[in-house]
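# A structural walkthrough
So you can see what is in the structure, the chains are spelled out below.
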Amino acid sequence: MEICITKEGKPPLGAALGTSSYITEFVKAKVKNWSLELEQLASIANTQPHATFSALTHGLASRWVYVARTIPNIGHLLQPLEELLRTKCIPSLTGHAAPSDLRSEGAAWPVSEGINLVERELLALPARLGGLGVLNPSHLSTTEYSASMKVTQPLLDHIIKQDEKYGYEILQDQHSAKAIVHKSKREQHSNAASTLKDVLPPSLAHAMDLSHEKGDNNNKLRDVVLQTCHRACISAKAEAGSGLGHELRNTRPADILASNWLCGKPAAFDLTVVSPLNPTFISEAGRTAGSAAVAAELRKHSANDAKCSELGWTCIPLVAESYGAWGSEAVQAFSRLASYLATRTNSPKSKVVCSLYSRLNLTLVRANARAFLLRCGCSLQEGDISSS
């Protein structure tokens, strides 16, 4: 067996060990190859954006994430990848290069050759916070390497002790370390999202909130309620709150603002859809029906009551659970809305209530069906699942 001794370094298991110059050249060679692949992906994105996105986030990106986890202090070496992502790949995926609609009143945001830098930070967030999950490679080095060290520390200690048995306690220590790392990442993402919402225009800040807790079907449900208000001759408008001052604009207290709702006071309807299977709700949902809706109502009141009171509005959360159950405040609001519409159309209230819930629940069912088909990998065209 031939033994080769080197003073420079070697790349065992895909990561470089050796002198700083060797590690730098190793990473640069990797980045050069990945850059060529990113160029190819960018060209494919013009005709196959979904396939490109999947290849990027589930394939190519995992390679530089692995290197960032195993080699410290290489963020500056990964910067060329970020430049390609920002100037070519992401613009090809999103269909625009430097969106002017992101500019807030009087804001002077830095714009790169490709996309707006603030939008780049937004797209790096996970989908649950309104982003695409396309991480910035140059920002990965410190966080990923630190996380890797924490997760592997129990195993490293075990190796140093030269203990031949890999017991249950070591496995539990690693699981605990992973849980801590995951919690830290979630907190970092949440803090980044909060910071971005302070500078984003109201429309995008609100879209981030929708992505976090409401989903795409929120707008469809809003439209059903808004149309019913108009049919009942109730003056109502959508997305109220965007014209507020900077300190209030990002929270948008009302998806629908209904004038003269009760005793001449406007009602701020804030729609949200929650899943009882969400880890936040699942424990209590297994014991008490409708508990997810109750928790969401309390959260909405906590966030919006003060703002609505200042504006002279009544905050009314319209909370739907993803399987069709509605919160108690939504039930009361729909009952009052049905009374107005029944009087207007000279129809039995029971018939109006039944029709309203049928439209609302059909909207939820269609949204659930669409989500299921997309998760199964089905390609949906406009009209495959018609809107209500």
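Every value quoted in this text rests on a predicted model; they were computed, and no experiment measured them.

## Quick look at the overall build of the protein chain
A tally of helices and strands in the protein chain yields 13 helices and six strands. Expressed as a percentage of its 388 residues, the buried residues of the protein chain come to 39%. Within the protein chain, contacts between residues at least 6 apart in sequence are counted, and of these 59% link residues at least 24 apart.

## Focus: unusual backbone geometry
Even without glycine at this site, Asn73 takes up a positive phi of about 55 degrees. If you check the backbone angles, Asn260 has positive phi at about 50 degrees while not being a glycine. Within the secondary structure layout, Asn260 lies in strand S4 (residues 256-262).

## Points about the side chain of Gln174
Within the secondary structure layout, Gln174 lies in helix H6 (residues 168-197). In contact with Gln174, not counting residues within four places along its chain, are Val151, Thr152, Pro154, Leu155 and Tyr166.

## So, the packing of helix H1 (residues 20-45) against helix H3 (residues 79-94)
At a minimum axis separation of 8 Å, H1 and H3 run at an interaxial angle of 10 degrees. Here H1 is positioned roughly parallel relative to H3, judged by the angle of their axes. Each of Val31, Trp34, Ser35, Leu38, Glu39, Ala42 and Ala45 in H1 lies in contact with H3, whose residues at this interface are Pro80, Leu81, Leu84, Leu85, Lys88, Cys89, Ser92 and Leu93. A per-class count over the contact of H1 with H3 returns 11 nonpolar, two polar and two charged.

## Re the pattern of salt bridges
Applying the stated rule across the entire model yields 10 salt bridges. Close ionic contact of Glu37 with Arg63 constitutes a salt bridge, the shortest N to O distance being 3.0 Å. Here the residue Glu37 occupies a position in helix H1, and Arg63 occupies one in helix H2 (residues 49-70), the gap between them amounting to 26 residues. With a shortest N-O distance of 3.0 Å, Arg287 and Glu284 are connected by a salt bridge. On the basis of relative accessibility, which here comes to 36%, the residue Glu284 falls in the partly exposed class. Taken together, the salt bridges that share partners define one network made up of Glu82, Glu83, Arg86 and Arg120.

## Remarks on the pairing of strand S6 (residues 314-321)
Counting buried residues along S6, seven of its eight residues qualify, which places the element largely inside the surrounding structure. For strand S5 (residues 265-274) and S6, the ladder comprises eight bridges, and the chain directions are parallel. The residue of S6 that forms the bridge with Ala268 is Cys315.

## Quick notes on the nonpolar core
In globular proteins that are soluble, nonpolar side chains generally tend to be buried together. One finds Val27, Trp34, Leu38, Leu56, Trp64 and Ile71 to be the most contacted residues of the largest nonpolar core, which totals 31 residues. Top contributing element to this core by residue count: H1, with nine residues. Setting aside residues no more than four positions away along its own chain, Ile71 makes contact with Ala15, Ala16, Ile23, Phe26, Val27, Ser141 and Tyr145. Among the nonpolar cores identified, the runner-up in size contains 30 residues, and Leu221, Leu271, Leu318 and Leu341 belong to it.

## Thoughts on the packing of aromatic side chains
Taken as a whole and assessed by the stated rule, the structure comprises five aromatic pairs. When the centroid spacing of 5.8 Å and the interplanar angle of 85 degrees are considered together, the rings of Trp261 and Tyr340 count as edge-to-face. Remark: Tyr340 occurs in helix H12 (residues 328-345) and Trp261 occurs in strand S4; sequence separation between them is 79 residues. Exposure remark for Trp261: the relative accessible area of 5% places this residue in the buried category. Taken together, the ring pairs in this structure connect Trp261, Phe269 and Tyr340 into an aromatic cluster.

## Overview of H12
Over its 18 residues, H12 runs 26 Å from end to end, which matches the ideal 26 Å to within 8%, given 1.5 Å per residue. When we look at burial in H12, the residues that qualify are Ala330, Ala333, Phe334, Leu337, Ala338, Leu341 and Ala342. Phi turns positive one or two residues past the end of H12, at Asn346, with a value near 55 degrees.

## Some remarks on the sheet that holds S6
Strand order in the open sheet formed by four strands is S3-S4-S5-S6, with mixed pairing between adjacent strands. For this open sheet the edge positions go to strand S3 (236-238) and S6, each flanked by a neighbour on one side alone. Taking the axes of each pair of neighbouring strands and ignoring which way they run, one obtains an average angle of 30 degrees across the sheet. On the sheet, helix H11 (residues 291-311) packs against S5 and S6 and is oriented at approximately 155 degrees with respect to S6. Of the strands in this sheet, S4, S5 and S6 touch H12, which is tilted by about 105 degrees from S6.

## Let's talk about the confidence of the model for the protein chain
Across the protein chain, pLDDT averages 79, with 81% of residues at or above 70. By mean pLDDT, the top-scoring element of the protein chain is H12 (93), and the lowest-scoring one is helix H9 (residues 246-249) (41). Counting interchain partners and residues more than four positions distant, the pLDDT-below-50 stretch residues 98-114 has 33 contacts.

## Focus: a nonpolar patch on the surface
Together, Leu155, Ile159, Tyr166, Tyr168 and Leu171 make up a nonpolar patch on the protein surface, roughly 490 Å² of accessible area in all. Only helix H5 (137-160) and H6 provide two or more residues apiece to the nonpolar patch. The topology assignment puts Tyr168 in helix H6.

About the thresholds
Note that residues are indexed from 1 along each chain, following the sequence as it is written. Local features in this predicted model are restricted to residues of pLDDT 70 or higher, and side-chain atom pairs are both shown and tallied only at a pLDDT of 80 or more, whereas totals for entire chains, interfaces and linings draw on every residue. Excluding hydrogens and water, the side-chain figures rest on all heavy atoms present in the structure. A helix here means a DSSP run of H or I that spans at least four residues, while a strand means a run of E at least two residues long, and both kinds are numbered starting from the N terminus. Here the term buried applies to any residue with accessible area under 20% of the maximum for its type, exposed to any over 50%, and partly exposed to those in between, with areas from a 1.4 Å probe on protein chains only. Residues are treated as being in contact if the distance between any of their heavy atoms lies within 4.5 Å. What counts as an axis is a line fitted to C-alpha atoms, over the stretch in contact for a helix, and the angles between N-to-C directions run from 0 to 180 degrees. Here the word oblique covers every angle except those under 35 degrees (roughly parallel), over 145 (roughly antiparallel) and from 65 to 115 (roughly perpendicular). Residues are grouped as follows: nonpolar covers Ala, Val, Leu, Ile, Met, Phe, Trp, Tyr, Cys and Pro; charged covers Asp, Glu, Lys and Arg; every other residue, Gly included, is treated as polar. Only one rule defines a salt bridge in this text: a Lys or Arg side-chain nitrogen within 4 Å of an Asp or Glu carboxyl oxygen. Two strands pair under a simple rule: DSSP has to find at least two bridges between them. Throughout, nonpolar core names a set of buried Ala, Val, Leu, Ile, Met, Phe, Trp, Tyr and Cys residues whose side chains join them through atoms within 4.5 Å. The aromatic pairing rule takes the rings of Phe, Tyr and Trp, using the six-membered ring of Trp, and pairs them if the centres are within 6.5 Å, calling planes under 30 degrees apart stacked, those over 60 edge-to-face and the rest tilted. Expected helix span is computed as 1.5 Å times (number of residues minus one). Here pLDDT means the predictor's own confidence in every residue, given as a number from 0 to 100. Each patch is assembled from residues with relative accessible area greater than 30% and no salt bridge, linking like charges that lie within 9 Å and nonpolar side chains (Val, Leu, Ile, Met, Phe, Trp, Tyr) that lie within 5 Å. To be clear on the numbers: accessible area is Shrake-Rupley with a 1.4 Å probe, and residue cover counts the displayed protein chains and nothing else.

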